[in-house]
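# What the coordinates show
Below are the chains, spelled out letter by letter.
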Amino acid sequence: MYAFLARRLLATIPVLAIVAVLVFLMLRLTPGDPAAILAGDAANTEQIAQIRAGLGLDRPVPVQFMIWLGNMLSGDLGESFYYKMKVTALIGQRIEPTLSLAALTIAIAVLTAVPLGVLAAWRFGGWFDRALMGFAVMGFSVPVFVLAYILIWIVSLKLGWLPVQGYRRIADGFGPWLQHLILPSITLSVIYIALIARVTRASVLETLGEDYIRTARAKGLREARVLVRHALANAAVPIATIIGIGIALLIGGVVVTESVYAIPGLGRLTVDAVLARDFPTIQGVILLFSLFYVLINLLVDLSYVILDPRIRY
Amino acid sequence: MNIARKFAVIAAVTASAAAISGLSFNSAAQDDAKVLRIVPHSNLAILDPIWTTAYMSRNHGYMIYDTPFGTDEKNQIKPQMVDTWSVSPDNRLWTFKLRPGLEFHDGKPVTGEDVVASIARWGKRDAMGSALMTFVERMDAPAPDTFRIFLREQCGFVLEALGKPSSNALFIMPKRIADTDAFKQIEEYIGSGPYIFKRDEFKPGDKAVYLKNTKYVPRKEAPSGTAGGKRVYVDRVEWNLALRDGQAQVNALQKGEVDIIEALPFDHYETVKKDPSLQIPKYSTVNLQYMARFNHLHKPFDNVKVRRAVLAAFSQEPFLRAQVGVKELYNVCPSMFTCGTPYGSPAGSDIQSKSNMKKAQELLKASGYDGTPVVVMKPTDLAAIQKLPDVAAQLLRQAGFKVDLQAMDWQTLVGRRAKKDPDDKGGWDMFLTAWQGHDIWNPIANAAMDTRGEQSGWFGWAKDDKLVELRNQFMRETDDAKKKRLADAIQTRAFEIGTHVPLGEYSQPMAARKNISGFFITNGNLYWNLKKN
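Summing up its helical and strand segments, chain B has 16 helices and 21 strands in all. Here chain B has a C-alpha radius of gyration of 25 Å; the compact-globule value for 533 residues is 24 Å, and the two agree. For the C-alpha atoms alone, the extent of chain B along its principal axes is close to 85 × 70 × 40 Å. Within chain B, the proportion of its 533 residues that are buried is 53%.

Written out as structure tokens, the structure is:
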């Protein structure tokens, strides 16, 4: 187990290195000039050239790469071209809203979807099952921004229950934090509820046909205990996998929700950085996302050991 | 589930929602009546308004810095930090005395030396500033409240340059900051303006905060444009930099979470107009102008006859109708200088204003156009100008051009338009953009009329020695009537050679809640004199 953990952690190093090189090269191949963007609309070519030199972009690409690599190895992700701030500081400002949104979304999704999926499997073919599958199709089909605007219109504008936009840091109080996050989280969770509920239903349905379920029922166990203790527990591996993938996708995929609800998170930062060709910020954020993906995958793999004692590394 | 249990569930859900909605806004509750919440037109990234011409940086500059002169709502230059000034009989020595009570946010008085250093830095970056500096022999500050500009020869736009309202406006900084290399960004943001920048609360992409400068001494005159008394009636101004979706902005305004939307998307104009809790205040008499710019370096627009065919083809109405749509917000303007400003005139515009597609086709036929495709760059992510290239492409096709309409994001366009390569090496032939009126309102400020060619000109690199000479004459002329005649001659020449195509003007509406008062004609986005009732 510990050897596995050590191997996996070591394996993250080449993964991150490959990502770093690819991102660096792809950005240099992308059309668009950060200097021209920074200079503003009325700047002329001379001024742009001076800014480009100031940013070090007039140097050969291999030289730029070596400088960046050297800085990165010493823990310095560089300074944003656009904001003139350390990339680590920028990420530090933006990580809390995104993590908060992702955590609340996944909590809502798991707490809703898993019971719904289990119930649908239990009542396979019945009205509840069909209704849940209908909801799942809808959840996958309705674009996030459409759902967001509908919820804002009803919950915020008509009922006046929750704010339309913005984010409050958790340090400002749990109440304002939750008040600003609940609507975005519900919006974002719908697709994950649909996804997790479907996987849960399929997985539990498979286990419900197993001999040990029949045995458990024959022993006279209560149906709830059969469903939770035996069916769900044995169906947990695929569910954990999909939840893990969901978390990883959430971290990098919340940009639409962040835009509609004006949440200053990592998604918004990434889009702004891409639009501004802010190379150091893009590189920093993508490295962070890669690290998240690797770690989440590792955690999912480790969770298998707990969820299924037969799995050993 | 029986009725009682259903009722209990509904009651529980309702109670939870009510409980959440009732949670207190700890941070938002602070003196709401004294906090002005504004959604600016874009993100604020660069805090040095001399280093970039970005409008957001300029607006940030107006919050925290003051200017020696301002431009009032009638486009007249008026003193702002300056109290009195005099000019020598030969028009070569300008002496300015600062008004008393000017103080930087760090408590130090504003001196002539600060102004001289600020002019020197600005003169290296701004187009008008650079032009002015070609006349300047030296500057000095003979007394703490005085600064002088010694000119080599007389110059006709000293005050226009010192009081220019748009990018780059001459913001006065402490000497130690203004001494920063003009090609490096400053790192301290200390001005003497009506607001103090709250650096520790600045989160790029999230919010920028400004506090009332309680020591600021406003002028006695009423506010007007960038001139007049800058009185502040709120304690704090917050720019919401995260709220960028147009629909979300309007939602927030309707809900009262923000007070002002600086640039209301045209699509939402009617919605806001009909909402009794909202207003569309009049804040501008100078419109914005759309423009099509040629690349003069390569075929086909290196041929003046081809450019004139485009001038004939591009009647303004289709562009305005497609892009703005709301008739009361746009106007046809047969001038390269902003209509309604001193040099706005139809001089020389017949080729465009009295032309039609048949004429354009004839001109193109006579031009020897060989079918070279015209690369028109279309920004897909900039709603403010997104539809213009489609109209341009259609009109060009009707005139007989082959068109290669290339979609890209605005930042790619911005990078690509700086390239001088031909089309087959990633170059371009035409892009379309919009200018705030004060950036193109005279022959010096109007970048598209700088025809010095590849070396110093604006993207497109138009070259015409006659126009350069006319601009030089304009710079030296001090008589207003003669300046007007020269401006007409410059515009006539610009239409003759087709530097660019003006595509009409529009007014960018602002939206605010009804409880905000004190709006005045700013011709920009200035946030003093506003009260929140």
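Angle between the axes and distance between the axes are the two parameters that describe a pair of packed helices. Two numbers describe how helix 7 (residues 144–158) of chain A lies on helix 7 (residues 246–255) of chain B: the axes approach to 11 Å, and their chain directions differ by 5 degrees. With respect to helix 7 of chain B, the axis of helix 7 of chain A lies roughly parallel. Contacts from Y149, I152, S156 and L157 of chain A in helix 7 of chain A reach Q247, N251, Q254 and K255 of chain B in helix 7 of chain B. Across the contact of helix 7 of chain A with helix 7 of chain B, the residue classes tally to 3 nonpolar, 4 polar and 1 charged.

Let's shift gears to the environment of D424 of chain B. All names here are of chain B. Among the secondary structure elements, D424 is positioned in the loop between helix 14 (410–416) and strand 17 (430–436). Overall, the presence of 8 C-beta atoms within 10 Å leaves D424 in the exposed class. Each C-alpha atom of the pair D424 and A347 lies 37 Å from the other, and the pair is 77 residues apart in sequence.

This part covers the sheet that holds strand 6 (residues 136–143) of chain B. Residue and element names in this part refer to chain B. Within the open sheet, the 4 strands sit side by side as 4-5-7-6. Their pairing is antiparallel. Lying at the two open borders of the sheet, with one neighbouring strand each, are strand 4 (82–87) and strand 6. Each neighbouring strand pair of the sheet contributes to a mean axis angle of 15 degrees, computed without reference to strand direction. Across 5 bridges, strand 6 lies against strand 7 (residues 146–151) in antiparallel orientation. Counted as the bridge partner of D140 is R148 from strand 7. With respect to the sheet, helix 3 (residues 112–125) is in contact with strand 5 (93–98), strand 6 and strand 7, its orientation differing from that of strand 6 by roughly 160 degrees.

Residue and element names in this part refer to chain A. For chain A, the domain assignment lists domain 1 (13–73) and domain 2 (94–307). Relative placement of domain 1 and domain 2: their C-alpha centres are 36 Å apart. Counting residues at the interface gives 11 residues for domain 1 and 11 residues for domain 2. Elements represented by at least two residues in the side of domain 1 that touches domain 2 include exactly helix 1 (2–29) and helix 2 (34–39). Top element by residues in the side of domain 1 that touches domain 2 is helix 1. It accounts for 7 residues. Each residue belonging to the side of domain 1 that touches domain 2 can be placed in one class, and the counts come to 9 nonpolar, 1 polar and 1 charged.

Turning our attention to the packing of helix 15 (residues 465–476) of chain B against helix 16 (residues 480–497) of chain B. Residue and element names in this part refer to chain B. Interhelical geometry of helix 15 versus helix 16 gives an angle of 165 degrees and a closest axis separation of 9 Å. It follows from the interaxial angle that helix 15 and helix 16 lie roughly antiparallel. You can see that helix 15 and helix 16 cross each other, and the crossing is left-handed. Between helix 15 and helix 16, the residues in contact are K466, L467, L470, R471, Q473 and F474 and K483, L486, A487, A489, I490, R493, A494 and I497, respectively. Across the contact of helix 15 with helix 16, the residue classes tally to 9 nonpolar, 1 polar and 4 charged.

What follows concerns the nonpolar core. Buried together is how nonpolar side chains tend to be arranged in soluble globular proteins. Ranked by size, the top nonpolar core spans 227 residues in total, and within it I196 and A197 of chain A together with V158, A309, A313 and A392 of chain B carry the most contacts. Sorting elements by how many residues they give to this core places helix 8 (residues 174–208) of chain A first, with 17 residues. There are two domains that each give this core at least three residues, and those are domain 1 (13–73) and domain 2 (94–307) of chain A. Ignoring anything within four residues of it in the chain, the contact list for A197 of chain A reads A113, L116, G117, A120, L132 and A136 of chain A.

Right, let's talk about the sheet that holds strand 8 (residues 195–197) of chain B for a bit. Residues and elements named next belong to chain B. The 7 strands are arranged 8-9-10-1-11-19-12 in an open sheet whose pairing can be described as mixed. In the strand order of this sheet, the two ends are held by strand 8 and strand 12 (278–279), each with one partner. The pairing of strand 12 with strand 19 (residues 511–513) spans 2 bridges and is antiparallel. Each residue of the ladder has a partner; that of Q279, found in strand 19, is A512. Most of the contacts of helix 2 (residues 55–64) go to strand 8, to which it runs at about 120 degrees, and overall it touches strand 8 and strand 9 (207–212).

Each partner contributes residues to the interface: chain A has 51 residues there, and chain B has 49 residues. Mapped onto the side of chain A that touches chain B, the elements with two or more residues apiece are helix 2, helix 3 (45–55), helix 7, helix 8, helix 12 (255–260) and helix 13 (266–275) of chain A. Considering only residue class, the side of chain A that touches chain B consists of 28 nonpolar, 14 polar and 9 charged.

The next thing to look at is the pairing of strand 7 of chain B. All names here are of chain B. Taking every second residue as pointing to the same face, the buried face of strand 7 carries F147, I149 and L151, while none of T146, R148 and F150 on the other face is buried. Relative to strand 7, strand 5 runs antiparallel, the two sharing 5 bridges. Its bridge partner being in strand 7, K97 is matched across the sheet by T146. Connecting strand 6 to the antiparallel partner strand 7 that follows it, the hairpin turn spans 2 residues.

Our focus in this paragraph is the confidence of the model for chain A. Chain-level pLDDT for chain A is 90 on average; 99% of the residues reach the 70-or-more range. When mean pLDDT is compared element by element in chain A, helix 8 of chain A scores highest at 95, while helix 2 of chain A scores lowest at 82.

Residues and elements named next belong to chain B. Of the consecutive residues S167 and N168, the connecting peptide bond is found in the cis state with omega at -10 degrees. Between K299 and the following residue, P300, the backbone shows a cis peptide bond with an omega angle of 0 degrees. Among the structural elements, P300 can be located in the loop between strand 13 (288–294) and helix 9 (304–313). Its identity is not glycine, yet W461 carries a phi of approximately 50 degrees, on the positive side. Take W461: it is sitting in the loop between strand 17 and helix 15. Classification of W461 as buried rests on a count of 21 C-beta atoms within 10 Å. In this structure, N523 takes a positive phi of about 55 degrees despite not being glycine.

This brings us to helix 8 of chain A. Residue and element names in this part refer to chain A. Spanning 35 residues, helix 8 covers only 41 Å between terminal C-alpha atoms, well under the ideal 51 Å at 1.5 Å per step. The sharpest bend along helix 8 measures roughly 35 degrees and falls at S189. For helix 8, the buried fraction is high: 28 of the 35 residues fall into the buried class.

Residue and element names in this part refer to chain B. Scored by pLDDT, chain B has a mean of 92; 94% of the residues are at 70 or more. Below a pLDDT of 50 lies the segment residues 20–29, which in the model reaches 20 contacts outside its immediate sequence neighbourhood of four places, other chains included. Two numbers describe this predicted complex: its pTM, 0.87, and its ipTM, 0.82.

Moving on to helix 9 (residues 211–218) of chain A. Among the 8 residues of helix 9 of chain A, 0 are classified as buried, and the element is accordingly described as predominantly exposed. Where helix 9 of chain A terminates, the next one or two residues include G220 of chain A, which has phi positive at roughly 90 degrees.

Residue and element names in this part refer to chain B. Relative to the helices and strands, D106 resides in the loop between strand 5 and helix 3. For D106, a count of 11 C-beta atoms within 10 Å corresponds to the exposed category. A C-alpha to C-alpha distance of 9.5 Å links D106 and P174, two positions 68 residues apart in sequence.

Scoring rules and cut-offs
- Residues numbered from 1 in each chain as written.
- Chains lettered and ligands numbered in written order.
- Predicted model: local features only at pLDDT ≥ 70, side-chain atom pairs only at ≥ 80, totals over all residues.
- Helix = DSSP H or I, 4+ residues; strand = E, 2+ residues; numbered from the N terminus.
- Rg over C-alpha atoms; globule rule 2.2 N^0.38 Å.
- Buried ≥ 20, exposed ≤ 12 C-beta atoms within 10 Å, placed from the backbone.
- Axes fitted to C-alpha atoms, helices over the stretch in contact; angles between N-to-C directions.
- Parallel < 35°, antiparallel > 145°, perpendicular 65-115°, else oblique.
- Contact = placed C-beta atoms within 7 Å.
- Nonpolar A, V, L, I, M, F, W, Y, C, P; charged D, E, K, R; others polar.
- Pairing = 2+ DSSP bridges.
- Domains from an automatic or database assignment.
- Left-handed = near helix turned anticlockwise from the far one by under 90°.
- Core = buried A, V, L, I, M, F, W, Y, C linked by C-beta atoms within 7 Å.
- pLDDT = per-residue confidence, 0-100.
- Expected span 1.5 Å × (residues − 1).
- Bend = angle between axes of the 7 residues up to and from the residue.

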